[in-house]
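Read off the chains here:
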Amino acid sequence: MDLRIEKTPIAGGWEVHMVVALDRRETNELFLAGDVLVSWPTDGMRPLGPGPIDRSSMFLSEIVARTEGLRLAYETEELAERTGRILECQVRPALGGQSNVNGGDPIKDPIKDPIYEIIRGYLEIDGVLAAVLVSDQGLVVNAAMRDPFDIDTISALVVDTVASARLVGAEAAVGKIETMTLEFEKLSLLLAPFDNELMLALVGKPGTFAQSAGLPGV
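Quick caveat: nothing in here was measured; it's all calculated off a predicted structure.

(A) Here's a closer look at the overall build of the chain. Counting secondary structure elements, the chain contains six helices and 11 strands. Residues classed as buried in the chain amount to 41% of the 218 residues present. For the chain, the proportion of contacts with a sequence separation of at least 24, taken over those separated by at least 6, is 53%.

(B) Here's a closer look at the pattern of salt bridges. Within this structure, the stated rule accounts for five salt bridges. With a closest N to O distance of 2.8 Å, Asp2 and Arg4 form a salt bridge. Between Lys7 and Glu81 there is a salt bridge, with its nearest N and O atoms 3.5 Å apart. In this pair, Lys7 is assigned in strand β1 (residues 2-10) and Glu81 in helix α3 (residues 77-91), connecting sequence segments 74 residues apart. Bridged by salt links that share partners, the residues Lys7, Glu77 and Glu81 form one connected network.

(C) Structural view of the environment of Tyr74. Mapped onto the elements, Tyr74 comes out in strand β5 (residues 70-74). Among the residues examined, Tyr74 registers a relative accessible area of 0% and is labelled buried. Sequence-wise, Tyr74 and Pro47 are 27 residues apart; in three dimensions their C-alpha atoms are separated by 8.4 Å. Beyond its immediate stretch of four places on either side in the chain, Tyr74 contacts Gly13, Trp14, Val16, Trp40, Pro41, Asp43, Gly44, Met45, Arg46, Leu79, Ala80 and Thr83.

Rules used in this analysis
Residues numbered from 1 in each chain as written. Predicted model: local features only at pLDDT ≥ 70, side-chain atom pairs only at ≥ 80, totals over all residues. Heavy atoms only, no water. Helix = DSSP H or I, 4+ residues; strand = E, 2+ residues; numbered from the N terminus. Buried < 20%, exposed > 50% of the residue type's maximum accessible area, 1.4 Å probe, protein only. Contact = heavy atoms within 4.5 Å. Salt bridge = Lys/Arg side-chain N within 4 Å of Asp/Glu carboxyl O.

This is how it looks when you write it as structure tokens:
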């Protein structure tokens, strides 16, 4: 199997072209293991054809079946570069062959995804149920969890929460947000923005992060 992601300039912007090739056995394994829904940012996107942009996600099996693969266009090289990274982080863990991004050297044994290994390490914290790396549009870039969990809904909602907190920091002139803890009746959330593009969201049992901060548990 093979993953290739290329970023090239086009008229009025930059194109991200991703091609995923699987043989018959690998395709069957993908279906048996459960298909992967691949998402991408829509900010700064521009149509490649005459029609409007009507999709922000596609199942991996559909991308594999398309002869031309997945083609996306963005207004700037920076946006295209970011999209390439987001696509790679979603697709690479599902593949067992090699990946080649932007014409670089093939990345061997992508099952040992270094980003996933880092994310999975947070599950060693007592009470943590899931660790999710979220894009600035609420897309799940990478995730690890102890049990099945609705991480897509949480990821989509926490982006607005962090945006509001960042606004408070800016208006009150108290600096950038570093971490944010939310305690609910049935779970706890700890949000740690890395930059303007990525955020770490830890989902825990009630009181998990209050206890770790030395505060009384719920």
